[in-house]
Amino acid sequence: MAAKRYFSGRALLLIAGAIAAAVPAGTARAQTAAIGKLFTSAGTCSASVVSGKNIIVTAAHCCWNRANNSWIGGWSFAPAYNNGNAPYGVFNWTDARIPTSWINNGDIPSDVCLIRLANDGAGHPVTYYTGWLGRAWNFPPSQPMHSFGYPGNIGGANNLEQCAAQSAAQPANCGSGVLNMACNMTFGSSGGPWIMDLGSGNHVNATVHGYINQACTGTFGQEFNGPQFTSNNILMLCNAEGC
């Protein structure tokens, strides 16, 4: 699987037998400081800081529009955004990276995007204020998860919301590499992190994709799904981007 990269500048102006591994989190001023609202040219999503090199992770569908085969662009990230307030400021993007399989296939396991952020006006990186969450991949699908996001159906996408539930693999006939969990968040939560060890390790192990149907995901507004982090999505992207 390859990755496609997009640089800011002149062009553009929510929506196998591998070894389990993890990269530790960095110190954060608050447990959720590294989670924030992602503004795009097409609406809003959710995202989280997952690298000391000023890289956030979100959903690929918040970065690439498969309907018109183009980058969405216009990304800016407000960590710890709360009801119109951005306590750590807003950080613009410098480049973005997605799996080429998202462009070609639109498969849920490929619905992952990394965005590198620019420093703020004071010359500080986002991690100066927030620290960062860890990354985990190739773990068993059943994990005690906490998911976070800014859903439009709760609080008008203005407040960080949280769900806590056990994750599980979606039914085998629906495809592999996709996790389900109980949560009432819907549109706007896309790209929000699923943290499998909140408070102890703070490792992001999946992000919000959305919903397929009753048979594969469950009841809309009560369950949602996301790409399970593996060597083929988060690790591949991070190796290419330099997390």
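Quick note: structure is the one above.
My aim in this report is to walk through the structure given alongside it, one point at a time. Here the structure is a predicted model, which is why all the values come from computation and not from measurement. (Residues numbered from 1 in each chain as written. Predicted model: local features only at pLDDT ≥ 70, side-chain atom pairs only at ≥ 80, totals over all residues. Heavy atoms only, no water.)

## Some words on the environment of G121
Consideration 1: Mapped onto the secondary structure, G121 falls in the loop between β10 (113-117) and α2 (126-130).
Consideration 2: Put simply, G121 and V90 are 31 residues apart on the chain and 9.8 Å apart in space, counted from C-alpha to C-alpha. (Helix = DSSP H or I, 4+ residues; strand = E, 2+ residues; numbered from the N terminus.)

## Let's talk about helix α3 (residues 231-241)
Consideration 1: Of all the residues in α3, the buried ones are N233, I234, M236, L237, C238 and E241.
Consideration 2: You can read the cap of α3 off the contacts: a side-chain oxygen lies 3.1 Å from the backbone nitrogen of N232, and it is on T230.
Consideration 3: One or two positions beyond α3, positive phi appears at G242, with a value near 90 degrees. (Buried < 20%, exposed > 50% of the residue type's maximum accessible area, 1.4 Å probe, protein only. Polar contact = N/O pair within 3.5 Å; in protein donor to acceptor, adjacent residues only side chain to side chain.)

## Let's talk about the packing of aromatic side chains
Consideration 1: All told, the structure shown has 11 aromatic pairs when counted by the stated rule.
Consideration 2: Between W64 and W71 the ring centres are 5.3 Å apart and the planes differ by 85 degrees, which places this aromatic pair in the edge-to-face class. Taken individually, W64 and W71 each receive the classification buried, so the pair is uniform in this respect.
Consideration 3: Ring centres 5.9 Å apart and planes at 45 degrees place the aromatic pair F187 and F220 in the tilted group. (Phe/Tyr/Trp six-rings, centres within 6.5 Å; stacked < 30°, edge-to-face > 60°.)

## With respect to the state of the cysteines
Consideration 1: Taken as a whole and judged by the stated rule, the model has 5 disulfides.
Consideration 2: Note that C238 is cross-linked by a disulfide to C243, the S-S spacing being 2.1 Å. Measuring handedness by torsion sign, the sulfur bridge of C238 and C243 sits at about -70 degrees and is left-handed. This pair shows no difference in class: C238 is buried, exactly as C243 is.
Consideration 3: Look at the protein and number its bonded cysteines as they come in the sequence; the links are 1-2, 3-4, 5-7, 6-8, 9-10. (Disulfide = S-S within 2.5 Å.)

## Notes on the pairing of strand β11 (residues 134-137)
The two faces of the sheet receive side chains in turn, since in a regular strand these alternate between them.
Consideration 1: Across the two faces of β11 the burial is the same, with G134 and A136 and R135 and W137 all buried.
Consideration 2: Bridging between β11 and strand β17 (residues 203-207) involves 2 bridges; their strand directions are parallel. Counterpart to G134 in the pairing with β17 is H203. (Pairing = 2+ DSSP bridges.)

## Topic: the side chain of N205
Consideration 1: Within the secondary structure layout, N205 lies in strand β17.
Consideration 2: Beyond its immediate sequence surroundings of up to four residues, N205 is in contact with A136, W137, F139, Q143, M145, W194, M196, P227, Q228 and F229. (Contact = heavy atoms within 4.5 Å.)

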